[in-house]
Amino acid sequence: MSVVSGFSRTQVGIVGAGPAGLLLGHLLHLNGIDSVIVENRDREYVIDRVRAGVLEQGTVDLMRAMGVGGGLDRRGLRHEGVHISFGGRRHRIDFAELTGGKAITVYGQNEVVRDLIDARIETTRPLYFNAQDVRVSALDSPMPVIRFRHEGVEHDVQCDFIAGCDGFHGVCRPSIPEGLLTIYERTYPFGWLGILAEAAPSSDELVYTHHDRGFALFSMRSPAITRLYLQVPPDESIERWSDEAIWEEMLTRMTTADGWKPNVGRIVQKSVTPMRSFVAAPMRHGRLFLAGDAAHIVPPTGAKGMNLAASDVLVLAHALKAFYETASEEWLECYSTVCLRRVWKAQRFSWWMTTLLHQLPGESRFDRQRQLADLDYLTNSRAAMLSLAEQYVGLPSEVLFTSVGLQPRLPDPSPG
Ligand SMILES: Cc1cc2nc3c(=O)[nH]c(=O)nc-3n(C[C@H](O)[C@H](O)[C@H](O)COP(=O)(O)OP(=O)(O)OC[C@H]3O[C@@H](n4cnc5c(N)ncnc54)[C@H](O)[C@@H]3O)c2cc1C
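Reading guide: rules and limits
Residues numbered from 1 in each chain as written. Predicted model: local features only at pLDDT ≥ 70, side-chain atom pairs only at ≥ 80, totals over all residues. Heavy atoms only, no water. Salt bridge = Lys/Arg side-chain N within 4 Å of Asp/Glu carboxyl O. Helix = DSSP H or I, 4+ residues; strand = E, 2+ residues; numbered from the N terminus. Core = buried A, V, L, I, M, F, W, Y, C linked by side-chain atoms within 4.5 Å. Buried < 20%, exposed > 50% of the residue type's maximum accessible area, 1.4 Å probe, protein only. Contact = heavy atoms within 4.5 Å. Expected span 1.5 Å × (residues − 1). Bend = angle between axes of the 7 residues up to and from the residue. Disulfide = S-S within 2.5 Å. Phe/Tyr/Trp six-rings, centres within 6.5 Å; stacked < 30°, edge-to-face > 60°. Pairing = 2+ DSSP bridges. Axes fitted to C-alpha atoms, helices over the stretch in contact; angles between N-to-C directions. Parallel < 35°, antiparallel > 145°, perpendicular 65-115°, else oblique. Nonpolar A, V, L, I, M, F, W, Y, C, P; charged D, E, K, R; others polar.

Chemist: Account for the pattern of salt bridges, with residues named and values stated.
Modeler: What the rule picks out here adds up to 31 salt bridges. With a shortest N-O distance of 3.9 Å, Arg 90 and Asp 258 are connected by a salt bridge. Linking Arg 90 in strand E6 (residues 89–94) with Asp 258 in the loop between helix H7 (243–254) and strand E16 (266–281), this pair joins segments that are 168 residues apart in sequence. Connected through salt bridges with shared partners, the residues Glu 56, Lys 304, Arg 342 and Glu 398 form a single ionic network.

Following this line, the structure appears as structure tokens:
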């Protein structure tokens, strides 16, 4: 039962302690801007959730420049290329050579979130886990409010702005009055069955596989843990898949003519995720700004979800800094437009990767040959490889790091 009421005041109220909310909180902290972060799950749940794991070059550079890149420099796996496998052969695309030295880093989202929570706690700024009944109101007034219950106390946090970083199923987007958002959506007729296995990765880089039985992806989380995915029907029940059946299908789809295949090990986590493209526009209503999955979802084929969350909040931090320093609302006004340009390019890239590599139910022989011709072109044209490489490692940032008071930093050389 709630017994006390807690009123407080902050500059930016942040709903959600995923990558978007935590990165925004730290960027604001580095610029001397107050925030309160309100999360409805407990700390262990937020950290343990198995999700994304590929960081673009720009996300890595951002985390380093923010002083939260130590973990990823010590434990992240830098990949300078990727393999595309079809017709039983692997073809490597060399990111570093094509993009002038850029790469991706494999570092689990749970590690990113753990590092950011540690950094937040060190700042001593408020972060509430297990907040119940979180609501946002007065969004088009100069003082929007976040209300929630925490350990029996009702809280009212009056804010200058609210950042809705509460993911696809959060409360912020649905709090925007009906009719003000345009929703763009595509659901795909398949999902991904993903596993984590105790097996040393048998390739140093990701392998995307196009196969007659459906798409498969070889990835990893650490030198001891392999992460693998299979295309399955969208409503597939994970109970239908024994561990033996999963391994048989993985090996059937992924083994190449030269004998390469994933190492088999104990499966420690398995689940099925539906695939969807989604954009809600504009990403702002009054003094509420949506960021990350709260505003957009991409199918994971292009590994863009967590990276888009990072690029949104970099733009938002810049806009808020400009407001507090100069009272200018110019960047706040164009926040949504600036973010959506990148979001739509990421949507296009993720859709293209998805339709290039998956078996589409009901596809004709023509569709199949077109897909194979696309793969042939991709793996034999430098222009096509460069196009994939520059999008995969991440397009240039919309705002300079210096505009949020950050200087580029070199990797942390200390040993892990
Ligand atoms: C199952 C799954 C698998 C994925 N796999 C991949 C992948 O392999 N590769 C890839 O690139 N991307 C993947 N993604 C996408 C990627 O994880 C997201 O893009 C990324 O998490 C976005 O970060 P975010 O902070 O915007 O949202 P989230 O990480 O969803 O964080 C939102 C936070 O808000 C909290 N919240 C929700 N509702 C409320 C509320 N009412 N009040 C307070 N807090 C609330 C949530 O608990 C959560 O902590 C996956 C996503 C899912 C769901």
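Chemist: Summarise the nonpolar core; cite the residues concerned and give the values.
Modeler: Among the nonpolar cores identified, the biggest contains 84 residues, and Leu 24, Leu 27 and Ile 146 are the most heavily contacted of them. Apart from the residues within four sequence positions on either side, Leu 27 is in contact with Leu 62, Met 66, Val 313, Leu 314, Ala 317, Val 404 and Leu 406. In this structure, Val 82, Leu 206, Phe 349 and Met 385 belong to the second largest nonpolar core, which totals 50 residues.

Chemist: Any details on helix H9 (residues 330–357)? Residues and values, ideally.
Modeler: For H9, built from 28 residues, the straight-helix expectation of 40 Å at 1.5 Å per residue is met to within 8% by its first-to-last C-alpha distance of 41 Å. Largest kink in H9: about 35°, centred on Ser 336.

Chemist: Would you mind going over the state of the cysteines in detail, with residue names and values included?
Modeler: Here the structure, examined in full by the defined rule, presents 0 disulfides. Free of any disulfide, Cys 172 has its nearest cysteine sulfur in Cys 165, 7.9 Å distant.

Chemist: Report on the packing of aromatic side chains, specifying residues and quantitative values.
Modeler: Any pair of aromatic rings gets described here by the distance separating the centres and the angle formed by the planes. In total, this model carries 17 aromatic pairs according to the counting rule given. Ring geometry for Trp 192 versus Phe 215: centroids 5.4 Å apart, planes at 25°, classification stacked. With Trp 192 in strand E12 (residues 182–198) and Phe 215 in the loop between strand E13 (207–209) and strand E14 (216–222), the pair connects residues that are 23 residues apart, well separated along the chain. Owing to a relative accessible area of 0%, Phe 215 belongs among the buried residues under this scheme. Between Trp 192 and Tyr 229, the ring centres sit 4.7 Å apart and the planes meet at 45°, which makes this aromatic pair tilted. One end of the pair, Trp 192, is in strand E12; the other, Tyr 229, is in strand E15 (residues 225–232), with 37 residues separating them in the sequence. Each of the two residues, Trp 192 as well as Tyr 229, counts as buried.

Chemist: An account of the sheet that holds strand E4 (residues 77–79) is needed here, citing residue identities and associated values.
Modeler: Pairing between sheet strands relies on hydrogen bonds along the backbone, with the strands arranged either parallel or antiparallel. Read across the open sheet, the 3 strands follow the order E3-E7-E4; overall the sheet is antiparallel. One side of each edge strand has no neighbouring strand; the edge strands of this open sheet are strand E3 (54–55) and E4. As defined by bridge partners, E3 adjoins strand E7 (residues 104–106) across 2 bridges and the pair is classed as antiparallel. By the bridge assignment, Leu 55 is partnered in E7 with Thr 105.

Chemist: Which residues make up the sheet that holds E14, and what are the values?
Modeler: Pairing within the open sheet is mixed, and its 8 strands lie in the order E6-E5-E13-E14-E15-E12-E16-E19. Two strands lie at the open edges of the sheet, namely E6 and strand E19 (296–297), each paired on one side alone. The pairing of E13 with E14 spans 3 bridges and is antiparallel. Within E14, the residue paired with Val 207 across the bridge is Phe 218. Of the strands in this sheet, E12, E13, E14, E15 and E16 are in contact with H7, which crosses E15 at around 85°.

Chemist: How would you summarise the packing of helix H10 (residues 365–380) against helix H11 (residues 382–392) if you had to cite specific residues and measurements?
Modeler: Packed helices, taken two at a time, are described by the angle between their axes plus the distance between the axes. At a closest axis distance of 5 Å, the pairing of H10 and H11 adopts a crossing angle of 90°. It follows that H10 is roughly perpendicular to H11 by the angle criterion. Seen from H10, the contacting residues are Tyr 377, Leu 378, Thr 379 and Asn 380; seen from H11, they are Arg 382, Ala 384, Met 385 and Leu 388. Its residues placed into classes, the contact of H10 with H11 shows 5 nonpolar, 2 polar and 1 charged.

Chemist: Summarise the pairing of E6; cite the residues concerned and give the values.
Modeler: The pairing of strand E5 (residues 81–86) with E6 spans 6 bridges and is classified as antiparallel. Its bridge partner being in E6, Ser 85 is matched across the sheet by Arg 90. Between E5 and E6, which pair antiparallel one after the other, the connecting turn spans 2 residues, and Gly 87 there sits at a positive phi close to 60°.

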